[in-house]
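# Geometric and topological summary
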Amino acid sequence: MTQVTRVTEHGGGVWSIPVPIPDNPLGHTLVHLLDTDRGPVLIDTGWDDPTAWDTLTAGLAACGASVSDVHGVLVTHHHPDHHGLSGRVRGASGAWIAMHAADAQVVRRTREADPSRWLDYLQEKLAAAGAPEEHLAPLRAARASGRTDVPGQRAALPDREIVPGELLDLPGRRLRALWTPGHTPGHVCLHLEEAHPVLERRQAAEGDTGRGRLFSGDHLLPEISPHIGLYEDPDDTTVTDPLGDYLDSLERVAALAPAEVLPAHQYAFTDAPGRVRALLRHHEERLSGLLALLTTPLTPWRLAEAMEWNRPWEQIPYGSRTIAVSEAEAHLRRLVKLGRAEAVPGSDPVTYQAV
């Protein structure tokens, strides 16, 4: 039976295809198709899953193309709901895959990772953050069983680099990369430097001068803030500041002031500067709320337990708790860098307190 997929035509040779993410409340990834003089180019591809693949190929057909027509794949960031099907698209079409160098390094490192090294790293990291034994036990069991799989080990290696500030090699189009780290170290937004086929005429009449369209990946979403956790690398001791990176990147997007934002989740929207202001307020309020919690010294794990999430801590599944602790640590890094919190000397596991 032929699958019918609902696609959205955004005008000017741009479409979006909602590709489902299995067992995820986000529902789907919006894969964007951009027509070029050399053939269609995809911005992200969706999760590596049979239903997702069928949906993507049906969506391409609804756009008047086929997967064999795809000329290239631009990956906003390495996460599996964006990069997962890239290798299969390349195998079916011969398309190139392009990604920022920082995320390409994550893909390469993950493909080459020794699973036991990663499991040891996660155990040590979570123990240092104050995770209870019941959270560490499954990792110890996986290590003892000789587990050999690490998520992302089959992700496709890109064969082109997305260089921030440069126009991409897309004949007939003007698409420029903007480096927006935070959600991942190599996240990029892609600015289509062409007049919007509808909105810019309307906005100009209203005194607004929005410029082009922005494919924003997960960096700028209309209703939710993306996960900001630590950049994980067992062999890198650099003290990064992902939340600081994200906030700085938001400012750059606001200054760009595109006429419309085409994100990878939810729906297209306008007023990027307004959305950026709302996100900056959200993170400042969250940091202030964490400082109030840190009047008593807390481990990153205990801080994560006390933070506000989309459901009570008791209902957050195992893997998501690990992600939540990483987000708590990213916020702590930001507070320490701002001089608003500090680690308690001699604490083991480490605790933090407000200054």
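Note: the structure precedes this text.
Residue positions are given per chain, counted from 1 along the sequence in the order it is written. Totals for whole chains, interfaces and linings use all residues, but because this is a predicted model, local features are given only for residues with pLDDT of at least 70 and pairs of side-chain atoms are given and counted only at 80 or more. The side-chain figures draw on all heavy atoms in the structure; neither hydrogens nor water molecules are used.

## Here's the deal with the environment of Gly11
Worth spelling out the cut-off: Each helix corresponds to a stretch of at least 4 residues labelled H or I by DSSP, and each strand to a stretch of at least 2 residues labelled E; elements are numbered beginning at the N terminus. Burial classes: relative accessible area under 20% of the type maximum marks a residue as buried, over 50% as exposed, and values in between as partly exposed (1.4 Å probe, protein chains only). Throughout, a residue-residue contact means that at least one pair of heavy atoms, one from each residue, lies within 4.5 Å.
If you trace the backbone, Gly11 turns up in the loop between β1 (8–9) and β2 (14–20). For Gly11, a relative accessible area of 18% translates into the label buried. Note: C-alpha distance between Gly11 and Ala92 (81 residues apart in sequence) is 27 Å. If near-sequence neighbours (up to four positions away) are discounted, Gly11 is found in contact with Pro197 and Arg213.

## Digging into the sheet that holds strand β11 (residues 260–263)
What holds strands together in a sheet is hydrogen bonding between their backbones, with the strands either parallel or antiparallel. To keep it simple, the criterion reads: Two strands make a pair as long as DSSP finds a minimum of two bridges between them. Axes, fitted as lines to C-alpha atoms, cover a helix only where it is in contact. Angles between the N-to-C directions of the axes lie from 0 to 180 degrees.
Taken in spatial order, the four strands make up an open sheet running β8-β9-β10-β11, and their pairing is mixed. The sheet is open, and its two borders are formed by β8 (175–179) and β11, each paired with just one other strand. On average, each strand axis in the sheet is tilted by 25 degrees relative to the strand beside it, whichever way the strands run. As paired strands, β8 and strand β9 (residues 188–192) are joined by five bridges and run antiparallel to one another. Across the sheet, the residue bridging to Arg176 is His191, located in β9.

## Concerning the pattern of salt bridges
Rules: When a carboxyl oxygen of Asp or Glu lies within 4 Å of a side-chain nitrogen of Lys or Arg, that pair is called a salt bridge.
All chains considered together, the criterion is met by 16 salt bridges. Across the pair Arg38 and Asp169 runs a salt bridge whose closest N-O atoms are separated by 3.8 Å. With Arg38 in the loop between β3 (28–34) and β4 (41–43) and Asp169 in the loop between β7 (160–161) and β8, the pair connects residues that are 131 residues apart, well separated along the chain. On the basis of relative accessibility, which here comes to 45%, the residue Asp169 falls in the partly exposed class. Asp233 is the salt-bridge partner of Arg109, the closest N and O atoms lying 3.1 Å from each other.

## Examining the pairing of β2
Here β2 lies mainly inside the structure; six of its seven residues are buried. Here β1 runs beside β2; their pairing, made up of two bridges, is antiparallel. What sits directly across from Thr8, in β2, is Ser16. With antiparallel pairing between neighbouring strands as the criterion, β1 and β2 make up a hairpin whose turn holds four residues, including Gly11 at a positive phi of roughly 90 degrees. Pairing of β2 with β3 involves seven bridges; the strand directions are antiparallel. The partner of Ile17 across the bridge, within β3, is Val31.

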